[in-house]
Amino acid sequence: MKKEIIIALAGNANVGKSVIFNQLTGLTQIIGNWPGKTVERAEGVLRFKGRTIKIVDLPGIYSLSAYSQEEIVSREFIAFEKPDVVINVVDASNLERNLFFTVQLLELHVPMVMALNQVDYALKKGIDIDVKKLEELLGIPVVETVATKGKGLQELINKVLEVVDSHKEVDVKGYDIKEEKVLKYRNEVSESVMKIYNILLKHNVDLINLFHPLWISLKLIEEDSDIVEKLKKEPNGEKAYEEIQKELEGLKAKTDSPLATLVTADRYDIASFIASQTVSEIHHRITWTDLIDNIALHKIWGYISMFIIVFISFYGIFKFGEYFSGVLEDFFDGFKPLVYNLNIPNMYKDFLWNGLAEGIISAITIVLPYIFPFYVFLSILENTGYLARIAFLMDEVMHKVGLHGKALIPVLMGFGCNVPAVLGTKILETDREIFIASFMSTLVPCSARIVIILGTIGVFMGPQYALAVFALDVLVVYIAAYFSNKIAPGKPYDLIMELPGYRMPALKPTLKQIWFRIKDFLYVALPIIVVGSLALEILKYSGIFKYVTYIMDPIVVKWLGLPSIVGIVLIFGILRKELTLIMLLTLSGTSHITQILTPRQMIVFGVVTMLYIPCLATIAALKRTIGWRKTWWVVFVNIFIAILIGGILNRILTFV
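Residues numbered from 1 in each chain as written. Predicted model: local features only at pLDDT ≥ 70, side-chain atom pairs only at ≥ 80, totals over all residues. Heavy atoms only, no water.

**Structural notes on unusual backbone geometry**
In this model, Gln118 sits at a positive phi of 60 degrees, which is unusual for a non-glycine residue. By secondary structure assignment, the location of Gln118 is in the loop between β6 (112–117) and α4 (119–124). By relative accessible area, Gln118 is classed as buried at 9%. With a phi angle near 60 degrees, Glu223 is a residue other than glycine that sits in the positive phi range. Within the secondary structure, Glu223 sits in the loop between α9 (213–221) and α10 (225–232). (Helix = DSSP H or I, 4+ residues; strand = E, 2+ residues; numbered from the N terminus. Buried < 20%, exposed > 50% of the residue type's maximum accessible area, 1.4 Å probe, protein only.)

**A word on the pattern of salt bridges**
Per the counting criterion, the structure on display carries 18 salt bridges. In this structure, Arg51 engages Asp165 in a salt bridge whose closest nitrogen and oxygen atoms are separated by 2.9 Å. Here Arg51, found in strand β4 (residues 51–57), pairs with Asp165, found in helix α6 (residues 153–166); they are 114 residues apart in sequence, far enough to count as distant. Using a relative accessible area of 4% as the deciding quantity, one classes Arg51 as buried. A salt bridge links Asp226 to Arg75, with the nearest nitrogen and oxygen atoms 3.0 Å apart. Note that Asp226 is positioned in helix α10 and Arg75 in helix α2 (residues 69–81), a separation of 151 residues in sequence. Judged by its relative accessible area of 0%, Arg75 falls in the buried class. Counted as one network, the salt bridges with shared partners bring together Arg75, Glu76, Asp224, Asp226 and Lys230. (Salt bridge = Lys/Arg side-chain N within 4 Å of Asp/Glu carboxyl O.)

**What about the pairing of strand β5 (residues 85–91)?**
Of all seven residues that make up β5, seven are buried, and the element is covered over most of its length. Alternating residues of β5 divide into Val85, Ile87, Val89 and Asp91 and Val86, Asn88 and Val90, and every residue in both groups is buried. For strand β1 (residues 4–11) and β5, the ladder comprises five bridges, and the chain directions are parallel. Note that in β5 the partner of Ala8 across the bridge is Val86. As judged from the six bridges shared by β5 and β6, these two strands associate in the parallel manner. Among the inter-strand pairings, Val89 is bridged to a residue of β6, identified as Ala115. (Pairing = 2+ DSSP bridges.)

Shown next as structure tokens:
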């Protein structure tokens, strides 16, 4: 009896896979990246009946092809790390669509258990599933679950242990596709599978020891680029592939369709057959999802309702943040006399308060008033099912810049903070999409930059001017992303996303989701904000500022038309962007911005501050997400765009 077991959770997006993971692992989770990939990896540990069960939550995917990083890491984890059991999480209310992925897992012939999740929602839709018949056809255990309520999870783990204890290795050398019970393909495909399998055996190709003969043969028929490359790298791989190509040419001569389409069509036929044998409708009725979607996905009302929901939510977040941030700042200011009453030199008092304490306070006054409510809002949208509708509505617009609608989700996070926005781009499928979305996220004004714009342009010139600056930012973000799409190699994939039914968010999984997102900010941004704040205070005492103004004057004074002191603010504002305005007032020795900047200069200052690289914490998040080389490119382009547009605005406004 194995004491240590590895389980992989695999399934489509929005099927409740992460909820099952959270329910089983609790607070024992570790979130990181797959080696060499930007795709997030979630691991947790469950101790059950004297055994230690390591659970790995694989990315939510729809196939085991090589189209995205998620698909590659999922199949390589199953093949190379060989989990003891794969739990295939399936949405009971959309069984046939989910079975397409199940069929591909069956092709791998790995030990498997199906978690038939959301059975309560399926019943509400009038869908009944014959679980015994489903088990019989698939040849694997099937357990009904309602993950949000924890129902069926103990039985699920019991079934997993049964599969582990009863599993016996099968010699694949004698494989025959005719023995498959449910995986039935057209004759031409089945014959080619066996011929390719025999070619691989003849050349002693090691791939058939890593992947099951059926799956590897089907992938070669589909001309999967990743598998073809793996085959060619083997000692006799090139010779084997030459023979396989001849076999594929013969198969192509028998059909007008691409070979990958043949295999895909057969998989859909298998999924359709299984569904037809196991699914029945108790009664057909119009659901709440249907009624709401008539508005939410409407070509006119859908966009209007989306705008109203997002606007009200963001307005509420910022009003709450503005009030609560002020309350927190007033509270923490009460501790300032304690520091300045210490019997130490004033310089050290400044280091302690302005450097160390203010760094921690500024992070707290961003997280609690702005980021926490933003993530509450985001989690509610996501767990009610509405976020998927926003992605669907925005898909066509985002395609213009080489992304699909799902990319809008992390970009929107940038209004709260650019750090989680950049980190959130890891939900996207390819490196190019992650890069473009990360670049867009850095140009979105975070709460700190919004405060600067509202505190200068909004207060002293009127809200209409502040709105004009935000409109300019939207235009710049879109144009910058458009050109990034032209430069970055590759093309966007079509949006493949389930539209889940509307449901009330479960409290426990939602709170865990919020915590893991905030934790990313705390671990990446908080240390840098504190260190940056302390470094800034030390630099103020070093006398280095006068040299900075000398170097920066040609750009700041002559091109941007701003006071010389702004050069210091712009450089050291990278340490903590929310201090940009405070630094300007402090270094100028006044509390009135109108004594430092003219209306024209306020607009230029606001635009430049809004567009150039947000802060060191964002740079750290970029490095973690896209690597150093692309990070420095983003930093340079951000600064270039800010200076270019700021200078152009300066000249235009001079004549207005």
